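Residue-level listing of the chains:
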Amino acid sequence: MSLNYYRDEAGDFMERINASDGCTEDKIKMLDEEYKLLKESINNPEKLRHQIYDMVFILFEIAFDYGFDIEAEWIKGKEKKQKKYIENSYIE
């Protein structure tokens, strides 16, 4: 499944529970809170895994709100990383 599938799944879920009108600023604040919990979970893989999920879900919500094509962005980012870190690396 594509990243956009999960973006749409998050957006659809938020619409079904009537929570799709949240503002981006509030979602960024939620990410900040989840990040704090993520840092506290570093020694607990189960909690760490869940915090990663929570943060990714919020990011998908934001992407849905703006109609961002995450798949296209992923491809662009992958190409940039390829050029920056692999093609330009020097192997002795």
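Because the structure is a prediction, the values reported are computed rather than measured.

Some details on the overall build of the chain
Reasoning step 1: From N to C terminus, the chain includes four helices and zero strands.
Reasoning step 2: Moving toward the C terminus, one meets the helices and strands of the chain in the order α-α-α-α.
Reasoning step 3: The C-alpha atoms of the chain give 16 Å as radius of gyration, which overshoots the globular expectation for 92 residues (12 Å, by more than 25%).
Reasoning step 4: The principal-axis extent of the C-alpha atoms belonging to the chain is close to 55 × 35 × 25 Å.
Reasoning step 5: In the chain, buried positions account for 22% of the 92 residues.
Reasoning step 6: Taking the contacts inside the chain whose residues are at least 6 apart along the sequence as the reference set, 72% of them involve residues at least 24 apart.
Reasoning step 7: As displayed, the chain has an accessible area near 7500 Å², and 56% of this comes from carbon and sulfur atoms.
Reasoning step 8: The distance from the centre of the 14 positive side-chain charges to the centre of the 21 negative ones in the chain is 5 Å.

Details of the side chain of Glu 34
Reasoning step 1: Here Glu 34 shows up in helix α2 (residues 24-40).
Reasoning step 2: Of the side chains with opposite charge, Lys 36 lies nearest to the buried Glu 34, which makes no salt bridge, at 11 Å.
Reasoning step 3: Within the structure, the side chain of Glu 34 is placed 2.4 Å from the side chain of Gln 51, a separation counted as a polar contact.
Reasoning step 4: The contact partners of Glu 34, leaving out residues within four places of it in the chain, are Gln 51, Asp 54, Met 55 and Ile 58.

Considerations on the packing of aromatic side chains
Reasoning step 1: Summed over all chains, the structure comprises five aromatic pairs.
Reasoning step 2: Taking 6.3 Å as the distance between ring centres and 25° as the angle between the ring planes, the aromatic pair formed by Tyr 6 and Phe 60 counts as stacked. Note that Tyr 6 is positioned in helix α1 (residues 3-16) and Phe 60 in helix α3 (residues 45-66), a separation of 54 residues in sequence.
Reasoning step 3: Aromatic side chains Phe 13 and Phe 57 sit 6.0 Å apart centroid to centroid with 80° between the ring planes, which places their arrangement in the edge-to-face category. Separated by 44 residues along the polypeptide, Phe 13 in helix α1 and Phe 57 in helix α3 bring together distant segments of the chain.
Reasoning step 4: Overall, Phe 57 belongs to the buried group, its relative accessible area being 16%.
Reasoning step 5: Taken together, the ring pairs connect Tyr 5, Tyr 6 and Phe 60 into an aromatic cluster.

About the cut-offs
Residues numbered from 1 in each chain as written. Predicted model: local features only at pLDDT ≥ 70, side-chain atom pairs only at ≥ 80, totals over all residues. Heavy atoms only, no water. Helix = DSSP H or I, 4+ residues; strand = E, 2+ residues; numbered from the N terminus. Rg over C-alpha atoms; globule rule 2.2 N^0.38 Å. Buried < 20%, exposed > 50% of the residue type's maximum accessible area, 1.4 Å probe, protein only. Contact = heavy atoms within 4.5 Å. Areas by Shrake-Rupley, 256 points an atom, 1.4 Å probe, with all protein chains shown as cover. Lys, Arg positive; Asp, Glu negative; His and termini not counted. Charge placed at Lys NZ, Arg CZ, Asp CG, Glu CD. Salt bridge = Lys/Arg side-chain N within 4 Å of Asp/Glu carboxyl O. Polar contact = N/O pair within 3.5 Å; in protein donor to acceptor, adjacent residues only side chain to side chain. Phe/Tyr/Trp six-rings, centres within 6.5 Å; stacked < 30°, edge-to-face > 60°.

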